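The lines below spell out each chain.
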Amino acid sequence: MERGLANVGHEFRSSVCRLLLASGLSQLRGLRATSKDWRDRSAEPLLAELLARLTRKGSASRRAAVYALGHIAGKGDGSIIAAVASRLADHRDSVRLATIEVLPRLVEPGDPGLLDAVKSFLPSPDWRLREAALHALASIAETGDSAA
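Computed from a prediction, not measured in an experiment: that's the story for all the values here.

Moving on, we get to the confidence of the model for the chain. Low-pLDDT stretches of the model should not have their predicted coordinates read in fine detail. Mean pLDDT over the chain: 77, with 67% of residues reaching 70 or higher. The lowest-confidence element of the chain is helix α1 (residues 2-34), averaging 48 in pLDDT; the highest-confidence one is helix α5 (residues 93-106), averaging 95. Under a pLDDT of 50 for its full length, residues 1-13 has, in the predicted model, 2 contacts with residues more than four places off or in other chains.

Considering the arrangement of structural elements, one finds Arg 87 in the loop between α4 (78-85) and α5. Within the structure, the side chain of Arg 87 is placed 3.3 Å from the backbone oxygen of Leu 54, a separation counted as a polar contact. Beyond its immediate stretch of four places on either side in the chain, Arg 87 contacts Leu 54, Arg 62, Val 66, Val 95, Arg 96 and Thr 99.

With 14 residues, α5 ought to run about 20 Å at 1.5 Å a step, and its terminal C-alpha atoms sit 20 Å apart, in line with that. The buried fraction of α5 amounts to 11 of the 14 residues, a majority that puts the element mostly inside the structure. Listing the buried residues of α5 in full gives Ser 94, Val 95, Arg 96, Leu 97, Ala 98, Thr 99, Ile 100, Val 102, Leu 103, Pro 104 and Leu 106. On the buried face of α5, the contacting elements are α3 (59-72), α4, α6 (112-119) and α7 (127-140).

Contact geometry of α6 with α7 gives a least axis separation of 9 Å together with a crossing angle of 160°. Judged by the inter-axis angle, α6 sits roughly antiparallel to α7. Of the two possible hands of crossing, α6 and α7 adopt the one that is left-handed. In this structure, α6 contributes Leu 115, Val 118 and Lys 119 to the contact, and α7 contributes Ala 133, Ala 136, Leu 137 and Ile 140. Its residues assigned to classes, the contact of α6 with α7 shows 6 nonpolar, no polar and 1 charged.

Right, let's talk about α7 for a bit. Its 14 residues give α7 an end-to-end C-alpha distance of 20 Å, which sits within 8% of 20 Å, the value for a rise of 1.5 Å per residue. The complete set of buried residues in α7 reads Leu 129, Ala 132, Ala 133, Ala 136, Leu 137 and Ile 140. For α7, the angular spread of buried residues about the axis comes to 140°, placing them on one side. When the buried face of α7 is taken as reference, the exposed residues oriented beyond 90 degrees from it are Trp 127, Leu 134, His 135 and Ala 138. Where α7 is buried, its residues meet α5 and α6. The distance from a side-chain oxygen at the start of α7 to the backbone nitrogen of Arg 128 is 2.8 Å, and the residue carrying that oxygen is Asp 126.

Conventions used here
- Residues numbered from 1 in each chain as written.
- Predicted model: local features only at pLDDT ≥ 70, side-chain atom pairs only at ≥ 80, totals over all residues.
- Heavy atoms only, no water.
- pLDDT = per-residue confidence, 0-100.
- Helix = DSSP H or I, 4+ residues; strand = E, 2+ residues; numbered from the N terminus.
- Contact = heavy atoms within 4.5 Å.
- Polar contact = N/O pair within 3.5 Å; in protein donor to acceptor, adjacent residues only side chain to side chain.
- Expected span 1.5 Å × (residues − 1).
- Buried < 20%, exposed > 50% of the residue type's maximum accessible area, 1.4 Å probe, protein only.
- Axes fitted to C-alpha atoms, helices over the stretch in contact; angles between N-to-C directions.
- Parallel < 35°, antiparallel > 145°, perpendicular 65-115°, else oblique.
- Left-handed = near helix turned anticlockwise from the far one by under 90°.
- Nonpolar A, V, L, I, M, F, W, Y, C, P; charged D, E, K, R; others polar.
- Arc of directions from axis to C-beta.

Listed below in structure tokens is the structure:
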């Protein structure tokens, strides 16, 4: 019974997180679509807020920031990749899962540092982290990459 209630609580928190982000994400996507460089001066406060949320106390806030950055940042932005990748060490599985899911959107194929970081989740006791790591590796690894 406790496990069932925990799953309901997790689903509720996830739904709330998605609802809270919906309006902000549409604004951020619009900004990205209308700007040559989405990190221009008008985007700096939004970016600063998302980066600050990566280190907030609540895991829902950190997870939401990871997903938001994954939706608005382009591939190969080193500062965003480093900030998001830092959440691979988060103490909450939900934040690590979000990070693993988002990283393939941000990195160029074959990134050796992230390949190793994502591979470290393959022996995880949490099947969701293992599954996400496999999907991420399939996206990040280049064809024929023996290291992956």
